[in-house]
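Structure at a glance
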Amino acid sequence: MENFSFLLERSFVELVDKRADARGWKKGEFAKMVWSDAPAKAAAAKWSAMRGKATNTGKPQGVLVSDAERMAEILGEDLTYLLAVAKENARQQA
């Protein structure tokens, strides 16, 4: 089950990243919208760590539910819908 949870999280990040790209937003631009209270560099580093591997752990950074909700809101989509799509994508990978 732990592996599926990881797959679900990775599928969610990939889905959000693709949808942000489809809207023409650059990585840093999207990150600044999600974490508007953080400096632009810090927001970009956080989004980069979620999409790839964090420099300190070598693993992708986890996604908080609050961050996922902000991402969905910025995309203009429902979080539960995005999670359902991500879950189906993760099932196909499993």
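Right above here is the structure, for reference.
In this convention, every chain numbers its residues from 1, walking through the sequence in written order. Local features in a predicted model are, by the rule used here, given only for residues with pLDDT of at least 70; side-chain atom pairs are given and counted only at 80 or more, and totals for whole chains, interfaces and linings are based on all residues. Excluding hydrogens and water, the side-chain values take into account all heavy atoms of the structure.

1. Let's talk about the nonpolar core
Counting residues in each nonpolar core, the largest one holds 22 residues, and the members touching the most others are Phe12, Val16, Phe30, Trp35, Trp47 and Met71. Under the scheme used here, helices are H or I runs from DSSP no shorter than 4 residues and strands are E runs no shorter than 2 residues, and both carry numbers assigned from the N terminus. Elements with a minimum of two residues in this core: helix 1 (2-22), helix 2 (27-34), helix 3 (40-51), helix 4 (65-75) and helix 5 (79-93). Of all the elements, helix 1 adds the most residues to this core, at five residues. Contacts between residues were defined by any pair of non-hydrogen atoms, one from each residue, lying within 4.5 Å. Excluding residues that lie within four positions of it along the chain, tryptophan 35 makes contacts with Ala43, Lys46, Trp47, Met50, Asp67, Arg70 and Met71. In this description, a nonpolar core means a group of buried Ala, Val, Leu, Ile, Met, Phe, Trp, Tyr and Cys residues linked to one another through side-chain atoms lying within 4.5 Å. Per-residue accessibility, obtained with a 1.4 Å probe over protein chains only, is compared with the maximum for each type, and a residue is labelled buried under 20%, exposed over 50%, and partly exposed between these values.

2. Details of the side chain of arginine 10
By the secondary structure assignment, arginine 10 is in helix 1. Judged by relative accessible area, arginine 10 falls into the buried class, the value being 15%. Any N or O atom pair separated by 3.5 Å or less is treated as a polar contact, with the protein-specific requirement of one donor-capable and one acceptor-capable atom, and with residues adjacent in sequence counted only for side-chain atom pairs. Among the polar contacts listed, one links the side chain of arginine 10 to the backbone oxygen of methionine 50, at a separation of 2.4 Å.

3. A short note on the layout of surface pockets
Considering only enclosed or pocket space, the largest pocket measures out at about 170 Å³ in volume. Two kinds of site are reported from a 1 Å grid over the protein atoms alone, namely cavities, where a 1.4 Å probe fits but cannot get out, and pockets, open sets with protein on both sides within 12 Å along at least five of seven lines, and residues are called lining when an atom falls within 4 Å of a point. Every residue along the wall of the largest pocket is listed here: Ser5, Leu8, Glu9, Phe12, Val63, Leu64, Val65, Ala68, Leu79 and Leu83. For the lining of the largest pocket, the elements supplying multiple residues, two or more each, are helix 1, helix 4 and helix 5. A per-element tally of the lining of the largest pocket places helix 1 first, with four residues. Grid points are joined across faces, edges and corners, and a volume is the space filled by probe spheres set on the points.

4. Here's the deal with the packing of helix 2 against helix 4
The description of two packed helices rests on the angle between their axes and on the distance between the axes. Comment: axis = line fitted to C-alpha atoms, over the contacting stretch for helices; angle = value between 0 and 180 degrees taken between N-to-C directions. Between helix 2 and helix 4, the shortest axis-to-axis distance is 9 Å and the interhelical angle comes to 115°. Classified by the interaxial angle, the pair formed by helix 2 and helix 4 is roughly perpendicular. For the pair helix 2 and helix 4, the sense of crossing is right-handed. Seen from helix 2, the contacting residues are Phe30, Met33 and Val34; seen from helix 4, they are Asp67, Arg70, Met71, Ile74 and Leu75. Throughout, the term roughly parallel applies to angles under 35 degrees, roughly antiparallel to angles over 145, roughly perpendicular to angles from 65 to 115, and oblique to all others. In this scheme, a crossing is called left-handed if the near helix is turned counterclockwise away from the far one by less than a right angle; it is called right-handed if the turn is clockwise.

5. A word on helix 4
Within helix 4, burial applies to Asp67, Ala68, Met71, Ala72 and Leu75. An end-on view of helix 4 places all buried positions within 135° of arc, on one side of the element. The first or second residue beyond helix 4 is glycine 76, which carries a positive phi of 75°. Starting at the helix axis, one direction is taken to each C-beta atom, and the arc is that of these directions.

No statement about biological role is implied by the geometric values presented.
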